Every structure is written in C-alpha cells, then in structure tokens.
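Observations on the three-dimensional arrangement
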Amino acid sequence: MTRKRIAVFGSLAAAPILAGIILTALRVGSGGIPVMTVRSTPFTVKVNADGILKAVTATPITTPVQVRSRMTIGWIVADGTPVKKGDDVVRFDPSDFKRQLEDGKADFDQALEEIRKTKAQGEAATRGFDLDAELARGRMAQAETFQNLDGTIFSKFEIIESAIDTDLARAQLDHAGTVKKIQDDLAKIQVELHAIDAKKAQITVDNASEALGAMDVKAPHEGIVVLERNWDGQLPRVGESVW
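The shown structure was predicted, so the numbers you read here are calculated from the model rather than taken from an experiment. (Residues numbered from 1 in each chain as written. Predicted model: local features only at pLDDT ≥ 70, side-chain atom pairs only at ≥ 80, totals over all residues. Heavy atoms only, no water.)

This paragraph deals with the overall build of the protein chain. Per the secondary structure count, the protein chain includes 2 helices and 10 strands. Each helix (α) and strand (β) of the protein chain, taken in turn from the N terminus, gives the series β-β-β-β-β-β-β-α-α-β-β-β. Buried residues in the protein chain amount to 24% of all 243 residues. Nonlocal contacts in the protein chain, meaning residues at least 24 apart in sequence, comprise 76% of its contacts between residues at least 6 apart. Accessible surface computed for the protein chain: about 16900 Å², of which carbon and sulfur atoms make up 58%. (Helix = DSSP H or I, 4+ residues; strand = E, 2+ residues; numbered from the N terminus. Buried < 20%, exposed > 50% of the residue type's maximum accessible area, 1.4 Å probe, protein only. Contact = heavy atoms within 4.5 Å. Areas by Shrake-Rupley, 256 points an atom, 1.4 Å probe, with all protein chains shown as cover.)

As a further point, take the sheet that holds strand β7 (residues 88-92). Taking strand neighbours across the sheet as the criterion, the 4 strands line up as β8-β7-β5-β10 in an open arrangement whose pairing is antiparallel. Only two strands of the sheet have a single partner each, and these edge strands are β8 (216-218) and β10 (241-242). Pairing between strand β5 (residues 71-76) and β10: 2 bridges, direction antiparallel. Residue pairing across strands places T72 opposite S241, the latter belonging to β10. (Pairing = 2+ DSSP bridges.)

What follows deals with the pattern of salt bridges. For the structure shown, the criterion picks out 10 salt bridges. For D96, the salt bridge identified is with R99, shortest N-O distance 2.7 Å. Note that D96 and R99 are positioned in helix α1 (residues 95-145) at a spacing of 3 residues, about one turn of the helix. Judged by relative accessible area, R99 falls into the partly exposed class, the value being 47%. Where K117 meets E114, a salt bridge forms, and the shortest distance between an N and an O atom there is 3.8 Å. Placement of both K117 and E114 in helix α1 is noted, with a separation of 3 residues, approximately one turn of the helix. (Salt bridge = Lys/Arg side-chain N within 4 Å of Asp/Glu carboxyl O.)

What follows is about the side chain of H194. Mapped onto the elements, H194 comes out in helix α2 (residues 156-212). Residues in contact with H194, not counting those within four places in the same chain, are A111, E114, I115 and T118.

Let us now look at the confidence of the model for the protein chain. Per-residue pLDDT for the protein chain averages 80, and the proportion of residues at 70 or more is 77%. Model confidence for the protein chain, summarised as mean pLDDT per element, is weakest for strand β2 (residues 17-28) at 47 and strongest for β7 at 95. Counting contacts from residues 9-23, a segment whose pLDDT is below 50, to residues more than four positions away or on other chains yields 32 contacts. (pLDDT = per-residue confidence, 0-100.)

To continue, consider a nonpolar patch on the surface. Side chains of I189, L193 and I196 sit close together on the surface and give an oily, nonpolar patch of about 280 Å² of accessible area. Mapped onto the secondary structure, L193 falls in helix α2. (Patch = residues over 30% accessible without salt bridge, like charges linked within 9 Å, V, L, I, M, F, W, Y side chains within 5 Å.)

Let's shift gears to the nonpolar core. By size, the foremost hydrophobic cluster in this structure holds 19 residues, and its most contacted members are M71, V89, V90 and F92. Broken down by secondary-structure element, the contributors of at least two residues to this core are β5, β7 and β9 (223-227). Core analysis: the second largest hydrophobic core is formed by 6 residues, A133, A136, A169 and A176 among them. (Core = buried A, V, L, I, M, F, W, Y, C linked by side-chain atoms within 4.5 Å.)

Inspection of the secondary structure puts E192 in helix α2. Residue E192 is classed as partly exposed on the basis of its relative accessible area, which comes to 42%. Once the C-alpha coordinates of E192 and I115 are considered, the two residues, 77 residues apart in sequence, prove to be 8.4 Å apart.

Another point: a negative patch on the surface. Together, E102, D103, D107 and D197 give the surface a local cluster of negative charge. When residues of the negative patch are assigned to their parent elements, the largest contribution, 3 residues, is made by α1. By the secondary structure assignment, E102 is in helix α1. A residue is classified by how much of its surface remains accessible, and E102, at 49% relative accessible area, is partly exposed. (Lys, Arg positive; Asp, Glu negative; His and termini not counted. Charge placed at Lys NZ, Arg CZ, Asp CG, Glu CD.)

Here is the structure:
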C-alpha cells in the first residue's frame, strides 16, 4: 500500500458570473398587432459544476518519515475541514508500537540475563578445569618422582607400568588445559551472540519509542485539508494501514 498523502490548501472562493441580458415584454398594440418592447438589464447566471479545485499552494502531508513500518489510522480529519497551524490532521493507532516497545524491553532484559548466566557458568567451569589441571599436575609430578626406571630393582612390567602412569598424568594435564581453552572460547562466543541479541532488542526499543513520538500528524499551517483518493477513488479511513 502506498504512502497516503493529504494536502492542506489555502482558502478558495467562487464568484457568480455577472452578464447582461435583453429582457422582452410582449403586448398587443393598436390594430391587434403584437408589439415587443426590448430593453437591457443585468442578470446573474449560476452554474453548478463538479470537480476538484487545485490550490495555488499546497503542502503535502505524509506518514512520519522516521517510522519505517506499517501504521494504522486511528483518527483522521474530515475531507475539506479548515485547520489552523498545529491542529491534528491524523492520529495513528499506537497499539502495535506499544507492544513492540514492551517486547523489545523484555528481549533486552533476557539477553542481559543470558550474558550474566553465561559468564557465571564459564567462570565456574574455569575453576573446575583449573582444579583438574592442578590434580593432573600433582599426579604427573608424583609419577615422575617415583618412576620405576632401575632395571636391576624393578621388573620390566613395573618399569613399563610406571612409564604409562607418567604419560597418563602428562596427558591429563594437557587435556585439562585444552578443555579449559575450548570452554573459554565457547563462553566468549555465547556472550557475543547474546550481546548481538541485546543490540537487536535495543534497536526495536528505539524504533518503537521514536514511532510513539510521531503518532500525531499536525497541520503545518492554516488552510483546508484535502484528502488524496487512492486508485479506486476511496479516501483514507480509520483502520486503514498505510506506509
């Protein structure tokens, strides 16, 4: 649906047409001969005509440019109504924008809560991985200290088992460090995604607030309101959606 336009025109007036006419009077003269007396006198001709007057100057009024979504007409001045500067011409229904404002605020609060929760979970996970790394580091140190390497004292099986214990402790330490890094990176990405959601919600709040401040369209100067008809000759009406 195209953007509706309303024009505020200056005052217009039509004057009657004055002209001259010849009036006649008919009477019977002597001898029964009709005699006509002719004289000139002023007269007024009134002509009825249908059409649209075009003002010398007109100011188009459209939907608010700062609103980038559909708007619904809640009230509109009658076609041909004289207005003064600052008089309301159109009032739009604010219901949709109020709902968008509340939804945007709720989404924004939810995004902030998700950020807080993700950070808290990440910090808890980091402490757990730090503890695992500390335990693995202790086991590796113990395994290296008491590693059975002397073949004259320990059997081949005991030496192999001791080496396996040492490698396992070292692998556990490496694993704890790797998992911690992965968890930290994942938490960072999740926080960034929630931050994007918060920005989107804030944009919704800002747009709705701006739209709610533009619900009333006022006459820019004194004149007569002329509503523009659409393609099938209909005037803008209450409940109609416009862009």
